[in-house]
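# Summary of the model geometry
Single-letter residue listing:
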Amino acid sequence: MGQFVLTEKYSTLTDFDETQNEYLNLIYEIMETRKRSDKPIAYIHTYGCQQNVADGERIKGMLEKAGFEFEDKPDNADVILFNTCAVREHAEDRVFGNVGALKNLKRKYPKTLIALCGCMMEQEHIAKRMYKSFPYVGLVFGTHALHMFPKLLYTALSSGKRVYLRDNDDELIHEGIPIKRDGTFKGWLPIMYGCNNFCTYCIVPYVRGRERSREKDIIINEAKEMIKSGYKDITLLGQNVNSYGKNLKDGVSFSQLISEIDSIDGDYWLRFMTSHPKDCTRELIDTIADSKHISTHLHLPFQSGSSRILRLMNRRYDRERYLDIVNYAKSKIPNISLTSDVIVGFPGETYEDFKQTLSLIKEVEFTSLFTFIYSPRVGTPAASMEDSISDKEKSKWFKELLDVQEEIASKRCKSMVGSTQKVLIEGEKGKDDILNARTSGNIIVEIKAPKELIGTFQNVEITEAGNWILKGNLKKQ
Ligand code: SAH
Ligand code: SF4
Ligand code: F3S
């Protein structure tokens, strides 16, 4: 493989511009001599949150421009790329396992390029471990180098040397990167990048850098284009969408942004994630209540029901403030569907604190929860806090929480039997001609309907309820 190159930093960063397009042409040419099939094939595997999925769609956009086709298995691929997530240890372990499993494939087809990108790669200790333990990985780059992927890929392909780039202090936004969206009627629209909140357990601010918002007009144009080309369910993305616009000159707020998108004509739902409770204002709730297209779903992560733990987490709201905004939302938006993230076993959490989490869950009655056992992350403040509760005890609490939530979700689903719901039909369930659809409140409904209706809105009468999902019949138009 020749001499190794370990590049910690490039001295200048370029926007996605003509230079990158020229690299895409060069990649096209070099792949003519390297590809194993008629067309160069890429296999892209994305882990983690929607932000990473949106980045993956840009990587695919660039590769498509360089002539690549995509397969969902690595076996025939000329370029294999893992777009990684660092949020919990489990996510990282899967990447190490999957890269390890490619050793034989690389031995058999030495020209296959194995590449790694995304949040995990912005961590120095991970990039070093990759470099030492996986010499057959030819390209490693972090989230901040996405816009220069063509240059990095070309360098790795043409030099035969390993190219490593970590650079997590870039505060620019790089517009104009080509996109190949995964869906044709459900799509992601990033409105901001990075995070400034530094919750003490979380790695995201370290691997995604400082919060920065995209210009409002660029977002509005992208939304218009998506609606015009048939997108029915658009999710605005950011780690804390409620603080959208803080770095922009004209001082536009998130409420203003979504009101403006909402005024675009068309039949579509508008969603957003994630809202941070500290910045979730009554103005935002009023905007949702008065809107035409914004879904009746609010994902509002509370993380813990104990104000003492919330302080240790540096969340900057307490239990009372959280319940206050939730109660306001319930009073303004009938049938609002609330979902949330919760962490069990944060360092120093006692069973008394955990009981506060259970009581908050019972009080709010969430539609569903994303539940996580705390996972220490290198370099975060919580990783050096004392943690005396055993893994076994944490797992017991976790199970207790799941049981409580299951009962709440089941009760909510049962209360919907007999109602009529507008749903978006999303795809096949995979057996018995059943299709999966989703309500505005983000609950899955199984219905018997012809495949041609995938990607359309329909009215459905709810006939049955499980613990988490509903079943229903298509209503005649
Ligand atoms: N920006 C979003 C969350 C992004 S990370 C917000 O502020 O809500 C998604 C979820 O992963 C978090 O809400 C949290 O519940 C969980 N999470 C983050 N770091 C974690 C850690 N170290 N251990 C366990 N769960 C974690
Ligand atoms: Fe992480 Fe907190 Fe930022 Fe969310 S708001 S990404 S949990 S630091
Ligand atoms: Fe994971 Fe990065 Fe998202 S760490 S959760 S992919 S922002």
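Further remarks concern the overall build of the chain. Secondary structure summary: the chain contains 14 helices and 19 strands in total. For the chain, the C-alpha radius of gyration of 23 Å lies close to 23 Å, the compact-globule estimate for 477 residues. Each of the 477 residues in the chain was classed as buried or not, and the buried ones make up 55%. Considering only residue pairs separated by 6 or more positions, the chain has 76% of its internal contacts joining residues 24 or more positions apart. Here the chain has roughly 21300 Å² of accessible surface; of this, 49% comes from carbon and sulfur atoms. Each charge sign in the chain was given a centre, from 67 positive and 67 negative side chains, and these centres are 3 Å apart.

This next bit is on the sheet that holds strand β1 (residues 41-46). Sheet architecture is open: six strands sit in the order β2-β1-β3-β4-β5-β6, paired in parallel fashion. Two strands close off the open sheet at either side, each with one partner strand: β2 (69-70) and β6 (163-165). When strand β5 (residues 139-141) meets β6, the two strands line up parallel, connected through three bridges. Across the sheet, residue phenylalanine 141 finds its bridge partner in β6, namely leucine 165.

Taken together, Cys49, Asn52, Cys85, Ala86, Val87, Cys119, Arg208 and Gln239 make up the full set of residues adjacent to ligand 3. For the shell around ligand 3, the class distribution of residues is five nonpolar, two polar and one charged.

This paragraph deals with the sheet that holds strand β7 (residues 186-190). Across the sheet, three strands lie side by side as β7-β10-β11; this open sheet has parallel pairing. Strands with a single pairing partner mark the edges of an open sheet, and in this sheet they are β7 and β11 (269-273). Going across the sheet, the axis of each strand differs from the next one's by a mean of 25°, ignoring polarity. With five bridges connecting them, β7 and strand β10 (residues 233-237) associate as parallel partners. The residue bridging leucine 189 from the neighbouring strand is leucine 236, located in β10. Set on the sheet, helix α2 (residues 50-65) makes contact with β7, β10 and β11; between it and β7 the angle comes to about 95°. On the sheet, helix α8 (residues 216-228) packs against β7 and β10 and is oriented at approximately 170° with respect to β7.

Okay, the packing of α8 against helix α9 (residues 254-262) next. Taken N-terminus to C-terminus, the directions of α8 and α9 make an angle of 30°; their axes are 10 Å apart at the nearest point. The angle between α8 and α9 falls in the class roughly parallel. At the point where α8 passes α9, the crossing takes the right-handed sense. On α9, the residues touching Lys216, Ile219, Ile220 and Ala223 of α8 are Leu257, Glu260 and Ile261. Residue composition of the contact of α8 with α9, grouped by class: five nonpolar, no polar and two charged.

Looking now at the side chain of serine 304. Relative to the helices and strands, serine 304 is located in the loop between β12 (297-299) and α11 (307-312). Among the residues examined, serine 304 registers a relative accessible area of 1% and is labelled buried. The contact partners of serine 304, leaving out residues within four places of it in the chain, are Ile309, Leu310, Met313 and Thr357.

Before going further, it helps to examine the site of ligand 1. With respect to spatial proximity, 15 residues lie near ligand 1, and among them Arg88, Gln239, Gln303, Asp341 and Ser375 are the closest. Contact distances for ligand 1 include 3.0 Å between a nitrogen atom and a backbone N or O atom of tyrosine 201. A distance of 3.3 Å is found between an oxygen atom of ligand 1 and a side-chain nitrogen or oxygen belonging to arginine 315. Contact with the protein chains covers 90% of the free accessible surface of ligand 1, which is 540 Å². Of the residues contributing to the shell around ligand 1, the split by class is seven nonpolar, four polar and four charged.

Further remarks concern the confidence of the model for the chain. Scored by pLDDT, the chain comes out at a mean of 94, with 96% of its residues at no less than 70. Counting interchain partners and residues more than four positions distant, the pLDDT-below-50 stretch residues 1-14 has 39 contacts.

Below, the discussion takes up the nonpolar core. Among the nonpolar cores identified, the biggest contains 67 residues, and Leu236 and Phe254 are the most heavily contacted of them. Considering each element in turn, this core owes the most residues, six residues, to helix α12 (residues 319-332). Setting aside residues up to four positions removed in sequence, phenylalanine 254 forms contacts with Ile191, Leu236, Val241, Asn242, Tyr244, Phe272 and Leu284.

Let us look at the packing of aromatic side chains. The description of an aromatic ring pair uses the distance of the two centres, along with the angle that the planes make with each other. Counted according to the given criterion, the structure contains 18 aromatic pairs. Ring centres of tryptophan 269 and phenylalanine 457 lie 4.8 Å apart, and the angle between their planes is 65°; this geometry places the pair in the edge-to-face category. Taken as a pair, tryptophan 269 in strand β11 and phenylalanine 457 in strand β18 (residues 457-465) lie far apart in primary sequence, 188 residues in all. Overall, the relative accessible area of 12% leaves phenylalanine 457 in the buried class. Note on tyrosine 351 and phenylalanine 354: the rings are 5.8 Å apart at their centroids and 40° apart in plane angle, and the pair reads as tilted. With tyrosine 351 and phenylalanine 354 both in helix α13 (residues 351-364) and three residues apart, this pair spans about one turn of that helix. Judged by its relative accessible area of 0%, phenylalanine 354 is buried. Cluster of aromatic residues (ring-pair linked, three or more members): Phe302, Tyr317, Tyr322 and Phe366. Geometry around phenylalanine 372 places arginine 88 over its ring, the cationic atom sitting 3.7 Å from the centre. Positioned above the aromatic ring of phenylalanine 457, the side-chain terminus of lysine 422 is 4.3 Å from the ring centre.

Quick notes on the rules
- Residues numbered from 1 in each chain as written.
- Chains lettered and ligands numbered in written order.
- Predicted model: local features only at pLDDT ≥ 70, side-chain atom pairs only at ≥ 80, totals over all residues.
- Heavy atoms only, no water.
- Helix = DSSP H or I, 4+ residues; strand = E, 2+ residues; numbered from the N terminus.
- Rg over C-alpha atoms; globule rule 2.2 N^0.38 Å.
- Buried < 20%, exposed > 50% of the residue type's maximum accessible area, 1.4 Å probe, protein only.
- Contact = heavy atoms within 4.5 Å.
- Areas by Shrake-Rupley, 256 points an atom, 1.4 Å probe, with all protein chains shown as cover.
- Lys, Arg positive; Asp, Glu negative; His and termini not counted.
- Charge placed at Lys NZ, Arg CZ, Asp CG, Glu CD.
- Pairing = 2+ DSSP bridges.
- Near = heavy atom within 4 Å.
- Nonpolar A, V, L, I, M, F, W, Y, C, P; charged D, E, K, R; others polar.
- Axes fitted to C-alpha atoms, helices over the stretch in contact; angles between N-to-C directions.
- Parallel < 35°, antiparallel > 145°, perpendicular 65-115°, else oblique.
- Left-handed = near helix turned anticlockwise from the far one by under 90°.
- Polar contact = N/O pair within 3.5 Å; in protein donor to acceptor, adjacent residues only side chain to side chain.
- pLDDT = per-residue confidence, 0-100.
- Core = buried A, V, L, I, M, F, W, Y, C linked by side-chain atoms within 4.5 Å.
- Phe/Tyr/Trp six-rings, centres within 6.5 Å; stacked < 30°, edge-to-face > 60°.
- Lys NZ or Arg CZ within 6 Å of the ring centre and 35° of its normal.

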